[in-house]
Every structure is written in C-alpha cells, then in structure tokens.
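# Fold and geometry: a report
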Amino acid sequence: MDLNAIIEKMETGEQDAALTALQTYNKEKSQCFLFTAGEEEDREDGHLKERLGELVLGFLERDLQPSCQLACLETIRILSRDKKSLAPFATRHAMQILIRHAGLGQGEGVTPEIPDLEVVVEALKCLCNIVFNSDAAQEAGAELQLIAGLAERLKQCREPQWSHEVRFFDLRLTFLLTALRVDVRAQLARELRGVSLLSEALDATIGLCWPDMYEVARAGFDGCSELPLLGRQETERAMEILKILFNVTFDSNRRKVDEEEAATYRHLGAILRHCIMSTSEGEERTEEMHSHTVNLLGNLPLPCLDVLLMPKVQQGSIEYMGVNMDAVMVLLEFMEKRLGRGNKLKETLLPSLNLLTESARIHRETRKFLRMRVLPPLRDVKNRPEVGNALRNKIVRLMTHIDTDVKHCAAEFLFVLCKESVSRFIKYTGYGNAAGLLAARGLMRGGRDPGHYSEDEDSDTEEYREAKPHINPVTGRVEEEQPNPMEGMTEEQKECEAMKLVNMFDKLSREQVIQPMKIGADGKMTSLEPQELRFLARQHFGECNNSDSDSDTN
C-alpha cells in the first residue's frame, strides 16, 4: 500500500480506517530490514515516513482499542529499523508515549492496572530499536529514568503476570541502555543495587534453591543425578541477565570491595557456578550461555572466586586435595574447546584463559589441579614443547602467536602454573618460547617473581633426569649432535668470520632492519650499539687467545 494513501487514511482520524491501513502496511513490510533507494526517491520516502511516524504517535496519545494500539506500535517498530526515519521517535515526548505503553512510566501519565501484554511487548520492541539506533533517544531515556522503571519491573521477577516476552524485552532494553550509556550503567550498579537485583532475577529465572550459604541447587532436584536441561526461554533470559551483569560489574575486579559487596559478589559467584555446570537445549546454546558466564566470572573480585570450590564433594564429583573441582574442570574443558577452534582467539579464548590464570594464582588447590592436567611430569624430551596435541603443546604454540595479547596470556597461564619459577617455566616451554614473557618481566637472567606459592614436590621423571644434560634449553628438547662449523680454523680465521658477522649486524641495524639487544643489569632487554658489539667480539677472541697461550706454556 502506498505511503501517501496510508497517510490520507490516518489524517481522517478514524480508528477503523487507520487500523485497516496500518495492518496492510505492517503485513507488507514485516520482513523489510534493508532500506536502499535513489537519493531523490530516498529523500521523498524519508519525509513520508516521518509524517507517518508523527501521525502514529498522535494516535497513541488517544484512548484507542488494543488492536489499534498494537497496529500503531508495529508500524513504529518497522519504521524505527531505518535510521533515517528516527527523528519523530527520538524526542522526549515520543519516548514518554512509548515508555507509558510499555508499562514503565515513572509517575508521568497513567499506566493501566492490567496492561495488554501484546501492547507492552510491542512497545518494548520499539524502544529497543530506537535506543539502539539513536543517541538522542538514549539521552531522552536517561532523562526520563527509563532504567528505574525497568528496575522496578525486574523486582517482580517472581510474579506470574508477566510473560516470557515481556521479561525478555525488559532485559534486552536494560542491556542496550547499560551498554550504550555509562551514566545509566553506574545508576543501575549503585543507586538501584543492580548486582543484587539481577542476581535475584537470575536465581528466579533458573529456579534455584540454597542448601547452604554459597551452595546452589536446582529447585526440586535432589543433587544425586544429572541436572535437567534448562529450557529455551529460561536460557534466553538468563543470557540477557548475564550480559547486563557484565556491563554493570565491568570495573569490579579493578577496585577494592567492602564486606557487603564481597558477600553480594560471592552470592552471584555461586549462581554462576551453577550456570557453568548447567546445560541447555542444544550444544550451541549451552556454549553461548557458558561463554557469557565465563565473561562475567572474569569481572568478579578475585577473592570471591573461592565459591567455585565451596560445594561439598559428592558422588561423581572430581575431587582433588579434598576439594570439589567440577567447576574448574568444566572451565578447563571450555577453554580447550575454544583453543581447538583456532579462530578469533582474542575474543573467544582469552576470557576463560585469564579466568583460569587468576584462579590458579590465588587458589593453591586450583593451581595444583590445573598443573596436573596441563603440565604433567615431563616425559617427552625428544620433541619441541610446541609440537604435539597435548594441552601443554597447544598452549605453548600460542606463546609465539601473532596477537600480542594472546601470546602474553598463554605465557602468563603457564608461568603461574610453574609458580613463576623461571627454570621450571623454561623446562616446560623452552627458552625460545619463554623469552617474550621473561624479557617483559626482567627475568632474562633467571630468578623468580615474588609470589605466594607453596612448595611442590620434585616433578622430574626418570626420563627427564636422564636426558636433562643433553636438552637444548632454547628449544626444550634433546638435539642431535651437530658438527662444529669452525673445526679446523685458526684463531685468526675465527675472528675474521666473527667480524664479518658483526659487520652484517651493523649494516642491518643501520638500515633499521633489526635492532641488536643485550640483557641489562635489571634483567630487561636494552639496545646494543654497534661499537659494543665489536668490543664484545674482540674481547671474546682476546680471552680465547689468552687461554690458549696459557695452556701452551703449562
């Protein structure tokens, strides 16, 4: 139906005529998501859409039957997909109208006591589109305290009158506001006590009970058999809550928290442990929920991660040192699965790898368990550490990854499992792979970073002890004996070859192809000037000549 014809029907002001015209338009455009046309046609079409938007908003200010309200809101939802047609909807007045129809008004206008849920859902969809596409609408939403209205409805998470669709789009709108507006995020986190509010909503969504202070179970589940699958709708809402919590806790692991906050985060951590142990309908959906859970766990203050280890050991649990390691094992398997895919490692792998690293750093039992799984006693000394399909081999390969963040996190994980001991780190990775982290920490000369680590027993196997004198520390494996390329040369010939090499380094350095480096007194890498390189080469051969002449006179 032509836009001009629809506008004519709307301008009559008659509900029935407007309803018929809008329903026809909505049906035609229900699957329209792309808006491309010629410049002149586009400009004319844009004006008509804006006019239609203004008329529809005018209708929504009247006392309409629910079917007409719904048709008007559907039209706004369709029009708001086009960023060029947002002007009528991004004003404070328009946002007030939509907020009122969504049942989220804070004292402005009258919200029906028993709202039509279809109308509420459609208004929420409109708000999601408009807030996502318009900075002005985001500003208006913040001024109108839209987040406060959403928080009030979130408090009703256990009341039955709200459908899944209302709850879902409430959460989607909350996510958009907290993702796009820093001030709204801060308001929800502090003024509206967002972490407690959303933790309660997550608890209600999954249907939990609390056998102990920080121990969670599914309501009606005895804990002795496998957890039932989480339903599709519950999973969708749970994931939206996890995403909002990620936004509002973004800086929580970077600041000190008081006792009350720590208790709140531990309570949330216990729920997250249950999420990571739960499965949903379909492997893809389960992995998506676990991914959001891992992201959020990484935001929690480190001392609060102890809740991952708190549940009692039960039949079928993975026990290590008397501690329940089920959650740690699931996190390790999740990380290994992401590692095996090899694509977008920074986005997909690093959250779980960082979480395991920090958990191992702060919890002795976690570190020892992970070390047993990732760095078992070394037996294979014939292959390079990066060669093979064991988890250690895969992580060592990442230590030379092209992405700096990926290689740093991989190295940091193994370094923590080695209790930040340089010699042990080199033993499992080879000096060549370890050099990047050691240089960054000023540990090229060896030694150990300060840390609170317990003493472990010697893990050297008999195979390793026998091969240790023959292992090349750079490659981390036993190398075949190589012939000496300088055998049969005189000292003068050796010095000549060395100076050729120095000259080549000098040329490459002057052309800025390479930068020769040396290890400074602080253990960090510093630039090596050409004259220093020449001096070191001559000094070396001077010492060799002196030692030869001394041995000749004896």
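Residues numbered from 1 in each chain as written. Predicted model: local features only at pLDDT ≥ 70, side-chain atom pairs only at ≥ 80, totals over all residues. Heavy atoms only, no water.

## Points about the confidence of the model for the protein chain
Averaged over all residues, the pLDDT of the protein chain equals 85, while 85% of them reach at least 70. Taken as a whole, residues 547-554 scores under 50 in pLDDT and shows one contact with residues more than four places along the chain or in a different chain. (pLDDT = per-residue confidence, 0-100. Contact = heavy atoms within 4.5 Å.)

## Considerations on helix α13 (residues 259-277)
An ideal rise of 1.5 Å per residue puts 27 Å on 19 residues; α13 measures up with 27 Å between its terminal C-alpha atoms. A side-chain oxygen of the first residue of α13 lies 3.2 Å from the backbone nitrogen of Glu260; this N-cap is Asp258. (Helix = DSSP H or I, 4+ residues; strand = E, 2+ residues; numbered from the N terminus. Expected span 1.5 Å × (residues − 1). Polar contact = N/O pair within 3.5 Å; in protein donor to acceptor, adjacent residues only side chain to side chain.)

## So, the packing of aromatic side chains
For the structure shown, the criterion picks out four aromatic pairs. Ring plane angle 85 degrees and centroid distance 5.1 Å describe the contact between Phe168 and Phe169, whose orientation is recorded as edge-to-face. The exposure classification of Phe168 matches that of Phe169, with both residues buried. Between the NZ or CZ atom of Arg62 and the centre of the ring of Phe59, over which it lies, the distance is 4.5 Å. Taking the ring centre of Phe175 as reference, the NZ or CZ of Lys243 above it sits at 4.6 Å. (Phe/Tyr/Trp six-rings, centres within 6.5 Å; stacked < 30°, edge-to-face > 60°. Buried < 20%, exposed > 50% of the residue type's maximum accessible area, 1.4 Å probe, protein only. Lys NZ or Arg CZ within 6 Å of the ring centre and 35° of its normal.)

## Re the pattern of salt bridges
One pass over the full model with this rule turns up 33 salt bridges. Glu386 is the salt-bridge partner of Arg384, the closest N and O atoms lying 4.0 Å from each other. By relative accessible area, Arg384 is classed as partly exposed at 32%. Three or more residues joined by partner-sharing salt bridges are found here, namely Glu358, Arg361, Glu412, Glu420 and Arg441. (Salt bridge = Lys/Arg side-chain N within 4 Å of Asp/Glu carboxyl O.)

## Some thoughts on the nonpolar core
With 145 residues, the main nonpolar core has Leu52, Leu173, Phe413 and Phe425 as its most contacted residues. Residue contributions to this core peak at ten residues, all from helix α6 (residues 117-133). Sequence-distant contacts of Leu173, defined by excluding residues within four places in its chain, comprise Leu104, Leu124, Leu127, Cys128, Val131, Leu146 and Leu150. (Core = buried A, V, L, I, M, F, W, Y, C linked by side-chain atoms within 4.5 Å.)

## As for helix α1 (residues 3-11)
Of the residues making up α1, those classed as buried are Leu3, Ile6, Ile7 and Met10. Down the axis of α1, the buried set is contained in an arc of 100 degrees. They therefore lie on one face. Capping the start of α1 is the job of one residue whose side-chain oxygen sits 3.1 Å from the backbone nitrogen of Asn4: Asp2. (Arc of directions from axis to C-beta.)

## Here's the deal with the side chain of Ser359
Relative to the helices and strands, Ser359 is located in helix α17 (residues 350-362). When near neighbours in sequence (up to four residues on either side) are disregarded, Ser359 contacts Leu305 and Thr366.

## Concerning the packing of helix α9 (residues 164-180) against helix α10 (residues 182-191)
At a minimum axis distance of 5 Å, the contact between α9 and α10 shows a crossing angle of 115 degrees. Within the contact between the two elements, α9 uses Thr174, Leu177, Thr178, Ala179 and Leu180 and α10 uses Val182, Val184, Arg185 and Leu188. Tallied by class, the residues present in the contact of α9 with α10 amount to six nonpolar, two polar and one charged. (Axes fitted to C-alpha atoms, helices over the stretch in contact; angles between N-to-C directions. Nonpolar A, V, L, I, M, F, W, Y, C, P; charged D, E, K, R; others polar.)

## Concerning the pairing of strand β1 (residues 208-212)
Pairing analysis gives three bridges linking β1 to strand β2 (residues 215-218), with the strands arranged antiparallel. Bridged to Leu208 within β2 is Arg218. Linking β1 back to β2 in an antiparallel pair, the connection comprises two residues. (Pairing = 2+ DSSP bridges.)

## Quick notes on the side chain of Ser278
Position of Ser278 relative to the elements: it lies in the loop between α13 and α14 (283-297). Given the relative accessible area of 2%, Ser278 is considered buried. At 3.2 Å, the side chain of Ser278 forms a polar contact with the side chain of Arg218. Side-chain polar atoms of Ser278 contact the backbone oxygen of His274, separated by 2.7 Å. Here Ser278 is in contact with Arg218, Leu227, Thr286, Met289 and His290, once residues within four sequence places are set aside.

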